[in-house]
Every structure is written in C-alpha cells, then in structure tokens.
Amino acid sequence: MRKERILIVGANGQIGSVLTVALRNIYGQENVVASDIRIPQEISNSDPFELLDILDAQQLVRIIRKYQITQIYHLAAILSAKGELDPRHAWDININGLFNVLEASREYKLKLFFPSTIAVFGGDTPKHNAPQNTPLHPETVYGISKAAGENWCQYYHQKFGVDVRSLRYPGIIGYESMPGGGTTDYAVEIFHYAVKNEPYTCFLKADTRLPMLYMPDAIRATLEIMETPAEKITVRNSYNLAGMSFTPAELTAEIQKHYPDFTVNYVPDFRQGIAESWAESIDDSLARTDWGWKHDYDLVGMTSDMIAHLAV
Ligand code: AKB
C-alpha cells in the first residue's frame, strides 16, 4: 500500500483550514501539505506549508514533486457573491486553476477531490429536492464555472482515468473559520453577532430557504467519499449532498431559544437574487445509496453546538 501524501490547495479558507486539521489527524502532520496564495495567520501550526497561486502550474508541479504528493484536495475558488463582482477573475481562478490541478492529477496519477456547489442549479431546477440529474443552468459565474468544472472532472475520469471525486456542497456552517464571498455566509455571521448580543443585519430576506450543512458533516462527507472504493463511485461529475434547509427567520428563532433578546433586521442586497436562483432543498439519495452518506446535524443540533463553541 502506498503511503498517502496529501496537498490541500486553498488551505486557509473556510473549509480548507478545518479539513487540513482533520486530514493531519488521520495521515500525520508531515504527510499533509497545506498551500494557499497567502501565508496563514497561525504560521506555527501550518507546517508543512507552501505558498501557491493555483494559476502557477509550475509551482504546483514543483510542490507535487517535492513532497511526492498522491492526493489533492482542490479547495481554491471564488464563491458566488464575490464572483459577481469580477466575473473574469472568478472564471480564471475557478476554471484555469482546476485545469492545472486536473493536468497535474493526470500526469502524476493523483487522486483528486473537487468541491462543487448547489450554485450549479438554476431557476429551472426543481426548488424542492433538486434531483441529482437535472438540467444545469446556473445564473452566477461561480455556478457556471463549477458546472463546467464538474464536466471537466468527469471528462478527465473517462478519458484519462483520473480518480476524481466531487460533492455539491450546500452552505457550510462552522465555528472554526469564517466564510468569504458567498451567499450563504449570513448563516455563520449571524452566530458571531448573537453570542455578542449585538443585532444582526441580514442581507437575505427572512423567508429565503437554502440548503445548509454543518462543518463536521461536511468534513466527514469529504473524507468518506475519498475513502470509498472506486467501484462504488457511480457519479464522476459531482454528488448532491444535503443536511438541512432553513430560512434566516427559522435560524433566528432557533438562536433566540438561547438568546431571547437577539434581533435581526433584513436588508436584502444583490445576494437575494443569487439565493432565489438556487434550489431550497436537495435530493442526495444517490450519495446515501452509493457510499452510505448520512448527515448527523439538523438546525437544532447545529445551533446549540455553534453556540456552545462560540459563546465565551
Ligand atoms: C456560496 O454561498 O457561494 C457558497 C456555496 C453555496 O457554494 N457557500
């Protein structure tokens, strides 16, 4: 059995920073190389770390060779809201960055994890229980790039045998790290205001229902799909993945069980339109059948765990 040496691209991000710790616990600190375009704030816990702009294919290959990498978790991306502010840049990072990773995976026979998103769905996707296989007409540059990325992953698997696995993440909520540039970010920010007993201004309308997943479930799903025997993976573009769905009003009501005086006011901005183009809930039955996916956290469990960790 070959020893796994893992490279995480985008290791400073919301998911990357938590996934790096989880992978190091499994494979050993020295076997999990964190990389990002910026040096992490907590440099003491970050070794081994390499600076990497994912558009720099030569640097990527240098790192792969230096550490004899066997797996890549490619988490670097520009998310939905930020992508709309500079579509060309978002396309460049999300697509050309992926190309560099796919090419390296082909050449060095690496196993690859590619995160996709519920943003691949568009206004013509069924709102409830969005199916695994449905026409994808995304309405953001982020969604367009991820839908294209899913197809490129499937192509590299079919043409070149690259062992690529992918999940369509819903909004991810966690206490360890902050999201950046997404439409579901409110569901993390709101907790940081609640525990300080400060009012929160939400950029989505109170009744905007979106699919969400708690970080421990997201990390476990990621580890599980990567450990599943290849013959059980029947989807090589990206698996639907679900945990819970709620509105800002429902989340506020749940938080108010812990902080009765907590208040939220609603000032929707351009992110409202993005949210309305996405499905409200997701059918992830194929992930459950193929590799045994099962979420642990619902709205009640996630809320009390978030507060338990964030409250001082
Ligand atoms: C976003 O809001 O852009 C992301 C996502 C759902 O992929 N959190």
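Keep in mind that what you see is a predicted model, and the values were worked out from it rather than measured.

Trainee: I keep staring at the overall build of the protein chain and nothing clicks. Help me out?
Mentor: In terms of helices and strands, the protein chain carries eleven helices and twelve strands. Here the C-alpha atoms of the protein chain give a radius of gyration of 19 Å, agreeing with the 20 Å that 2.2 N^0.38 yields for 312 residues. Here the analysis covers contacts within the protein chain between residues at least 6 apart in sequence; of these, 77% occur between residues at least 24 apart. Positive and negative charge centroids in the protein chain, built from 28 and 38 side chains respectively, lie 7 Å apart.

Trainee: Sorry if this is basic, but what is going on with the nonpolar core here?
Mentor: One recurring pattern in soluble globular proteins is that nonpolar side chains are buried together. With 40 residues, the main nonpolar core has I173, Y186, F191, F246, L251, I255 and M302 as its most contacted residues. Looking at this core, the element that brings in the most residues is helix α6 (residues 186-194), giving six residues. Here this core gathers at least three residues from each of two domains, domain 1 (6-171 + 214-240) and domain 2 (172-211 + 243-310). If sequence neighbours within four positions are ignored, I255 has contacts with I190, F191, A194, F262, T303 and I307.

Trainee: Would you take a moment to explain helix α1 (residues 14-27) for this structure?
Mentor: Structurally, the α-helix is built with 3.6 residues per turn, so residues lying three or four positions apart point the same way. Here α1 spans 21 Å end to end across 14 residues, near enough to the 20 Å set by a 1.5 Å rise per residue. Looking only at α1, the buried set comprises Q14, I15, G16, V18, L19, T20, A22, L23 and R24.

Trainee: I would appreciate a short explanation of the sheet that holds strand β4 (residues 71-74) in the present structure.
Mentor: The strands making up a sheet are joined through hydrogen bonds of the backbone, oriented either antiparallel or parallel. Ordered by their spatial adjacency, seven strands build an open sheet running β3-β2-β1-β4-β5-β6-β10, and the pairing between neighbours is parallel. On the outer flanks of this sheet lie β3 (49-51) and β10 (239-240), each paired with one strand and no other. As defined by bridge partners, strand β6 (residues 164-169) adjoins β10 across two bridges and the pair is classed as parallel. Residue pairing for β10: L167 is matched across the bridge by Y239. The sheet strands contacting helix α2 (residues 57-67) are β1 (6-9), β2 (32-36), β3 and β4, and the helix crosses β3 at an angle near 160°.

Trainee: Just checking my understanding: could you explain the site of the ligand for this structure?
Mentor: Around the ligand, the neighbouring residues are L79, S80, T117, I118, Y142, G182, T183, T184 and W278. At 2.7 Å, a side-chain N or O of T117 approaches an oxygen atom of the ligand. In isolation the ligand has 250 Å² of accessible area, and contact with the protein removes 93% of it. Here the residues of the shell around the ligand sort into four nonpolar, five polar and no charged. Among the domains, domain 1 (6-171 + 214-240) and domain 2 (172-211 + 243-310) are the pair contributing at least three residues each to the shell around the ligand.

Trainee: Looking at this structure, I do not really get the pattern of salt bridges. What am I missing?
Mentor: Proximity of charged atoms lets side chains of opposite charge pair with each other. Throughout the structure, instances matching the rule amount to 13 salt bridges. The closest approach of N and O atoms between E276 and K205, which form a salt bridge, is 3.9 Å. One end of the pair, E276, is in helix α9 (residues 271-276); the other, K205, is in the loop between β8 (200-202) and β9 (210-214), with 71 residues separating them in the sequence. You can call E276 partly exposed: its relative accessible area is 42%. According to the relative accessible area criterion, K205 is partly exposed, its value standing at 39%. Across the salt bridge formed by R220 and D296, the nearest N and O atoms sit 3.6 Å from each other. With R220 in helix α7 (residues 215-227) and D296 in the loop between α10 (285-291) and α11 (299-310), the pair connects residues that are 76 residues apart, well separated along the chain. Shared partners join several salt bridges into a network, and the residues in it are D217, R220, E224 and D296.

Trainee: What exactly am I supposed to notice about a nonpolar patch on the surface here?
Mentor: The grouping of W152, Y155 and F160 at the surface amounts to a nonpolar patch, some 280 Å² of accessible area in total. Among the structural elements, Y155 can be located in helix α5 (residues 141-160). Taking the relative accessible area as the measure of exposure, Y155 reaches 35% and is therefore partly exposed.

Trainee: In this structure, what is going on with unusual backbone geometry? I would like to understand it.
Mentor: The phi angle of most residues is negative, glycine excepted, and most peptide bonds adopt the trans form. Residues other than glycine seldom take positive phi values, yet K109 does so here, at roughly 55°. The residue K109 is located in the loop between α4 (87-108) and β5 (111-117) in this model. A residue is classified by how much of its surface remains accessible, and K109, at 65% relative accessible area, is exposed. In the Ramachandran plot, N197 falls in the positive-phi region, its phi being about 60° despite a non-glycine side chain. With respect to the element layout, N197 can be found in the loop between α6 and β8. Taking relative accessible area as the criterion, N197 reaches 49% and is therefore assigned partly exposed.

Trainee: Where do I start with the sheet that holds strand β11 (residues 244-246) in this structure?
Mentor: An order of β7-β9-β11 is seen for the three strands of this open sheet, with the pairing classed as mixed. Among the strands making up the open sheet, the edge pair consists of β7 (171-173) and β11. Between one strand axis and the next, the sheet turns through 45° on average, direction left out of account. Taken together, the three bridges between β9 and β11 define a ladder with antiparallel strand orientation. Directly across from P211, in β11, lies its bridge partner S245.

Basis of the calculations
- Residues numbered from 1 in each chain as written.
- Predicted model: local features only at pLDDT ≥ 70, side-chain atom pairs only at ≥ 80, totals over all residues.
- Heavy atoms only, no water.
- Helix = DSSP H or I, 4+ residues; strand = E, 2+ residues; numbered from the N terminus.
- Rg over C-alpha atoms; globule rule 2.2 N^0.38 Å.
- Contact = heavy atoms within 4.5 Å.
- Lys, Arg positive; Asp, Glu negative; His and termini not counted.
- Charge placed at Lys NZ, Arg CZ, Asp CG, Glu CD.
- Core = buried A, V, L, I, M, F, W, Y, C linked by side-chain atoms within 4.5 Å.
- Buried < 20%, exposed > 50% of the residue type's maximum accessible area, 1.4 Å probe, protein only.
- Domains from an automatic or database assignment.
- Expected span 1.5 Å × (residues − 1).
- Pairing = 2+ DSSP bridges.
- Axes fitted to C-alpha atoms, helices over the stretch in contact; angles between N-to-C directions.
- Near = heavy atom within 4 Å.
- Polar contact = N/O pair within 3.5 Å; in protein donor to acceptor, adjacent residues only side chain to side chain.
- Areas by Shrake-Rupley, 256 points an atom, 1.4 Å probe, with all protein chains shown as cover.
- Nonpolar A, V, L, I, M, F, W, Y, C, P; charged D, E, K, R; others polar.
- Salt bridge = Lys/Arg side-chain N within 4 Å of Asp/Glu carboxyl O.
- Patch = residues over 30% accessible without salt bridge, like charges linked within 9 Å, V, L, I, M, F, W, Y side chains within 5 Å.

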